[in-house]
Amino acid sequence: MPKLFIPGPTDVNPEVLEAQAHPMIGHRSKECVDLIGRIHPKLQQVFSTQARVFISTSSGTGLQEAAMRNCVSEHVLVAVCGAFGERWFQVAVDNGLTADRLDVEWGKPITPEQVEAELKTGEYDTLAIVHNETSTGVQNPVAEIARTARQINPDIVILVDAVSSAGGVQIKTDDWDLDVVLTSSQKCFALPPGLSFAAVSERALKRAEQVEHRGWYFDFLRLQRYHERSMTPATPAISLLFALDTQLDRMLAEGLSNRYRRHQALAEYTRAWGAENFTLFAQEGFRSNTVTTITNIHAIDVPAMNRYLTAKGMQLANGYGPLKDKTFRIGHMGETSMEELKHLTQHIESFMQGQDN
Ligand SMILES: *Cc1c(COP(=O)(O)O)cnc(C)c1O
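Please read these numbers as outputs of a predicted model, since none were measured by experiment.

S.K.: Just give me the short version of the nonpolar core, but keep the residues and values in it.
M.R.: Membership of the largest hydrophobic core comes to 51 residues, with the highest contact counts inside it found for Leu43, Ile110, Phe189, Phe197 and Leu244. For this core, the leading source of residues is helix H9 (residues 238–254), giving eight residues. Within the second largest apolar cluster, 32 residues are counted, among which are Phe54, Ala66, Val72 and Val78.

Shown next as structure tokens:
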């Protein structure tokens, strides 16, 4: 199988893959309660929170939907600077919510000033923002934005999609006073897809109490009732829970600060290489530590490059949506090592030399 340099799913360590082969257990058994009980404090460490972290058997988009359904009382502002912000806005609209979007040109970050101007209208009870826009390779200054938003409206509920950053970049859920921080298993956590996690504040739960028609599967209040007994309302993906338990041990054994430093070093290397050989799509100062979007100034045939790379045992990602072929993306998240990344860039260079001949 090719080594994956796509921004999710990412490669899964063999020990973690094997953990999934654990014999099945009942989801109401003591063993499952113990398993979730073991997992939870480790998840809290990754999210830097004392609050509950819900485990959902769904991909991250499910929790994007959950956050909207549980937390928006009247009017949500969705900050959009790429494809995943667009999706989240659409999720709100498709759930019948009143939503406005704050649009920023792709490649640029959302700024605290832009959010401030919108929130000063007094229109919004909820703010939704993507931390790391995987389509453009932009990391938004969520800490600063949250601080600004909280100054304007102390009761605002702040929803953060950290799907492609949590576990690879430090997110201080409690210190930054974020209300919902959600992520998927298959990105920086380097697990197979199928689970997602959300740190949920007391403020968010209080809001949910006032919101009608939260649905069933993703109802935060129901999730909380079961969470108190280390259970989930419906049958969870038990095999993935075994994998999660193992992978959280591996992440903590590496050390979270070491893990964040490794992602930073991978990003710095990729950015330097990308700037030397191409140009970088995302605005300087706001470039992601987990995925680099490179502007295809040499008009490389990206699918052909990927076929060449696949034959060498590796794969990267084309640009997302409208950025397809105009950009390509190198994911450097999860298990990726510097050595593997250098191997990739060497092969991209040899492909390019072959092209010129
Ligand atoms: C991948 C991704 C999603 C979608 O996650 P799924 O787990 O595929 O539902 C949402 N937001 C961001 C920022 C992503 O990178």
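S.K.: So what's going on with the sheet that holds strand S1 (residues 3–5)? Which residues, and what values?
M.R.: Spatially, the five strands line up as an open sheet ordered S1-S13-S14-S12-S11, and their pairing is mixed. Strands with a single pairing partner mark the edges of an open sheet, and in this sheet they are S1 and strand S11 (279–280).

S.K.: Go over unusual backbone geometry, please, and point to the residues and values.
M.R.: Pro9 follows Gly8 through a cis peptide bond whose omega is -10°. Tracing the sequence through the fold places Pro9 in the loop between S1 and helix H1 (14–19). Its identity is not glycine, yet Ser230 carries a phi of approximately 55°, on the positive side.

S.K.: Can you lay out the pairing of strand S10 (residues 196–200) for me, pointing to particular residues and giving the numbers?
M.R.: Of all five residues in S10, five are buried; the element is thus mostly enclosed. Across five bridges, strand S2 (residues 52–56) lies against S10 in antiparallel orientation. The residue of S10 that forms the bridge with Ser56 is Ser196. As paired elements, strand S9 (residues 180–184) and S10 share five bridges and run antiparallel to each other.

S.K.: Break down the sheet that holds strand S4 (residues 99–103) for me, citing the residues and quoting the values.
M.R.: Backbone-to-backbone hydrogen bonds join strands into a sheet, with any given pair of strands oriented parallel or antiparallel. The strand order across the open sheet formed by seven strands is S2-S10-S9-S8-S5-S3-S4, and the pairing between neighbours is mixed. Among the strands making up the open sheet, the edge pair consists of S2 and S4. Taking each pair of neighbouring strands and ignoring which way they run, the sheet shows an average axis angle of 20°. As defined by bridge partners, strand S3 (residues 76–80) adjoins strand S5 (residues 126–130) across three bridges and the pair is classed as parallel. Across the sheet, Val78 pairs through a bridge with Ala128, a residue of S5.

S.K.: An account of the packing of aromatic side chains is requested, with residue identities and associated values reported.
M.R.: All chains considered together, the criterion is met by seven aromatic pairs. With a centroid separation of 5.8 Å and an interplanar angle of 50°, the aromatic rings of Trp273 and Phe278 are classed as tilted. According to the relative accessible area criterion, Trp273 is buried, its value standing at 6%. Through a chain of ring-to-ring contacts, three or more aromatic side chains come together here, namely Trp273, Phe278 and Phe328. In this arrangement the basic side chain of Lys3 is found over the ring face of Phe5, its NZ or CZ atom lying 5.9 Å from the centre.

Scoring rules and cut-offs
- Residues numbered from 1 in each chain as written.
- Predicted model: local features only at pLDDT ≥ 70, side-chain atom pairs only at ≥ 80, totals over all residues.
- Heavy atoms only, no water.
- Core = buried A, V, L, I, M, F, W, Y, C linked by side-chain atoms within 4.5 Å.
- Buried < 20%, exposed > 50% of the residue type's maximum accessible area, 1.4 Å probe, protein only.
- Helix = DSSP H or I, 4+ residues; strand = E, 2+ residues; numbered from the N terminus.
- Pairing = 2+ DSSP bridges.
- Axes fitted to C-alpha atoms, helices over the stretch in contact; angles between N-to-C directions.
- Phe/Tyr/Trp six-rings, centres within 6.5 Å; stacked < 30°, edge-to-face > 60°.
- Lys NZ or Arg CZ within 6 Å of the ring centre and 35° of its normal.

Note that every value here comes from positions in space, so none of it alone points to a role or purpose.
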